[in-house]
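# Observations on the model geometry
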Amino acid sequence: MNTHKPLTAIIVGAGHRALTYAAYARQHPDELKIVAVADPRELRRKQVAELYNLPAENCFECAEAVAARPKFADVVINGTMDHQHVPTALPLLAAGYDMLLEKPFATNEAEMWDLVETARQYNRKVIICHVLRFTPFYAAIRGQVLEGLIGDILNVQTVEHVSYHHMAVGFIRGKWSKISDCHSPMLMAKCCHDLDLIAWMKSGVPPRGVSSFGSNFQFRPENAPPEAGTRCLVDCPIEVDCLYSARKHYIDHPDRWSFYVWESLEHLQNPTLADKIRSLETDNPYGRCVWKCEMEVVDHQSVMVEFADGSTATHNMIGGASRPVRSIHLMGTKGEIQGVFEEKRFVIRHIDPRPGHEYSEKVVDLNMSGDLHGAFGAHGGGDLRLVRDFIRVIRGEPVSISTTNLEDSITGHRIGFAAEQAVQAHRVVRLAT
Ligand SMILES: NC(=O)c1ccc[n+]([C@@H]2O[C@H](COP(=O)([O-])OP(=O)(O)OC[C@H]3O[C@@H](n4cnc5c(N)ncnc54)[C@H](O)[C@@H]3O)[C@@H](O)[C@H]2O)c1
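Right, let's walk through the structure included here. (Residues numbered from 1 in each chain as written. Predicted model: local features only at pLDDT ≥ 70, side-chain atom pairs only at ≥ 80, totals over all residues. Heavy atoms only, no water.)

The next subject is the pairing of strand 4 (residues 75–78). Alternating positions in strand 4 separate into two faces, Val-75 and Ile-77 on one and Val-76 and Asn-78 on the other, with burial throughout. Relative to strand 4, strand 1 (residues 7–12) is paired through 4 bridges, and the arrangement is parallel. Bridge pairing links Ala-9 to Val-75 in strand 4. Since strand 4 and strand 5 (residues 98–101) lie parallel, the crossover through helix 4 (residues 85–94) that links them has a hand, and here it is right-handed. (Buried < 20%, exposed > 50% of the residue type's maximum accessible area, 1.4 Å probe, protein only. Helix = DSSP H or I, 4+ residues; strand = E, 2+ residues; numbered from the N terminus. Pairing = 2+ DSSP bridges. Right-handed = clockwise from strand over helix to strand, strands pointing away.)

According to the stated counting rule, one finds 15 aromatic pairs in the structure shown. On the numbers, 6.3 Å between centres and 75° between planes, the contact of Trp-257 with Phe-259 is edge-to-face. These aromatic residues form a ring-pair network of at least three members: Phe-171, Trp-176, Trp-257, Phe-259 and Tyr-260. Stacked on the ring of Phe-72, the Lys or Arg Arg-69 has its end atom at 4.7 Å from the ring centre. One residue, Lys-202, lies across the ring of Phe-307, its end atom 5.9 Å from the ring centre. (Phe/Tyr/Trp six-rings, centres within 6.5 Å; stacked < 30°, edge-to-face > 60°. Lys NZ or Arg CZ within 6 Å of the ring centre and 35° of its normal.)

This next bit is on the site of the ligand. The immediate surroundings of the ligand are formed by 31 residues, with Arg-17, Asp-39, Arg-44, Asp-82 and Lys-175 found nearest. Here Asp-39 contributes a side-chain N or O atom positioned 2.5 Å from an oxygen atom of the ligand. Breaking the shell around the ligand down by element, the ones donating at least two residues are helix 1 (16–27), helix 3 (63–68) and helix 4. Ranked by the residues each element gives to the shell around the ligand, the list is headed by helix 1, at 3 residues. In the shell around the ligand, the residues fall into 12 nonpolar, 10 polar and 9 charged. (Near = heavy atom within 4 Å. Polar contact = N/O pair within 3.5 Å; in protein donor to acceptor, adjacent residues only side chain to side chain. Nonpolar A, V, L, I, M, F, W, Y, C, P; charged D, E, K, R; others polar.)

Read from one edge of the open sheet, 9 strands run 14-13-12-11-7-10-9-8-15, paired in mixed fashion. Unpaired on one side and paired on the other, strand 14 (359–365) and strand 15 (429–430) mark the two borders of the sheet. Strand direction decides the pairing type here: strand 7 (residues 153–163) and strand 11 (residues 325–332), joined by 8 bridges, are antiparallel. Counterpart to Gln-157 in the pairing with strand 11 is His-329. Sheet strands touched by helix 14 (residues 406–425): strand 8 (207–215), strand 9 (300–307) and strand 15. Its angle to strand 8, the strand with the most contacts, is close to 50°. (Contact = heavy atoms within 4.5 Å. Axes fitted to C-alpha atoms, helices over the stretch in contact; angles between N-to-C directions.)

Geometry only, nothing functional implied.
Spelled out as structure tokens, the structure:
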């Protein structure tokens, strides 16, 4: 039986992500209670106030207004956009709040250290939303590594194939297409998870060098078919044949990425098909031709890391794939682990030099483990498991192996910031160990 009072939480940035985590409060009201919201958007404040029955005095226009009031809740769920994480977090940490903070939690190294120093100064707990660590898939792999099943890791290979529709909605037409707006390069916005997984698998061994190459290979104006228009539903004679047609992506698949695509229709309770088509024809950024969005980010990038013990890792991020795939291959001195996240299964291999043998192989199939999507929601079950651990951290209870302190969570970000420098300057970036 739970003898604790529920932890009280303030939602800061009432967008898609913060509301996903906050949903834990509705499933487990004995553990978490949402008591306030801060968001400059009145509509979002109102929706959250209705959902969680919040009094008007607990609805704030911004994080700073929450921080200006004496502390009145246990924690903050900070789901603001990338470049707002640190500016919104600092006053809240100073005001006394522990925090669940979205990734990438900083957009440059100086900001990252500001956050870490502030958390240290006020002795606050900050858990970064590295949700993949909390999925049964990656947690099980980490468990095998911790048990020493494959010995010391000498190489990690991770790959993320970003699907064509995810690429278009996030990085071509969407919120992460312009570094000047979101301040995050695609590698950090999309793959700080994978860099964190690499760092986590090598936990305790600092990275000492990073190199990286990448570019926008495909989605450039000069690659547009000559007949292409500027808006799929307005002036494009080849829309019916285009793989990136906004009609095919967002009208024919009405639920896919709807929280991004129909953000400009949030004020309508139930936008009709006609509303959606009008929006894609007029001011909706998701109605634009993918070749002509003037995106500022790469569509593929490769990263190579050297750790202080001489081991290495690579991450390949490729946007525009036919299906989303995240894979991992760990090579250890005693064995190897290889798996594909979406398949929810991995294999563990060991050398077997006996006559008639070459290697032994054991399959770990997590499809059998029940609540992967059901009770624990998206990201392969990671989102709400993360919240569960966050609550335990605050209560001082034992946590799963997925939770580590803030210092351990920054290594992947350090690799990402170094990769960005490396790709810009075409050089190897050395890191202090
Ligand atoms: N962990 C993951 O796997 C994962 C997945 C997707 C996105 N993300 C990250 O989650 C974050 C949020 O993404 P989203 O799509 O939910 O964003 P969003 O734009 O829907 O929500 C952000 C909200 O913050 C509000 N806001 C802006 N300034 C504020 C301030 N000063 N105080 C309070 N609120 C403020 C905005 O009005 C907005 O409602 C991003 O950093 C994104 O990179 C993480």
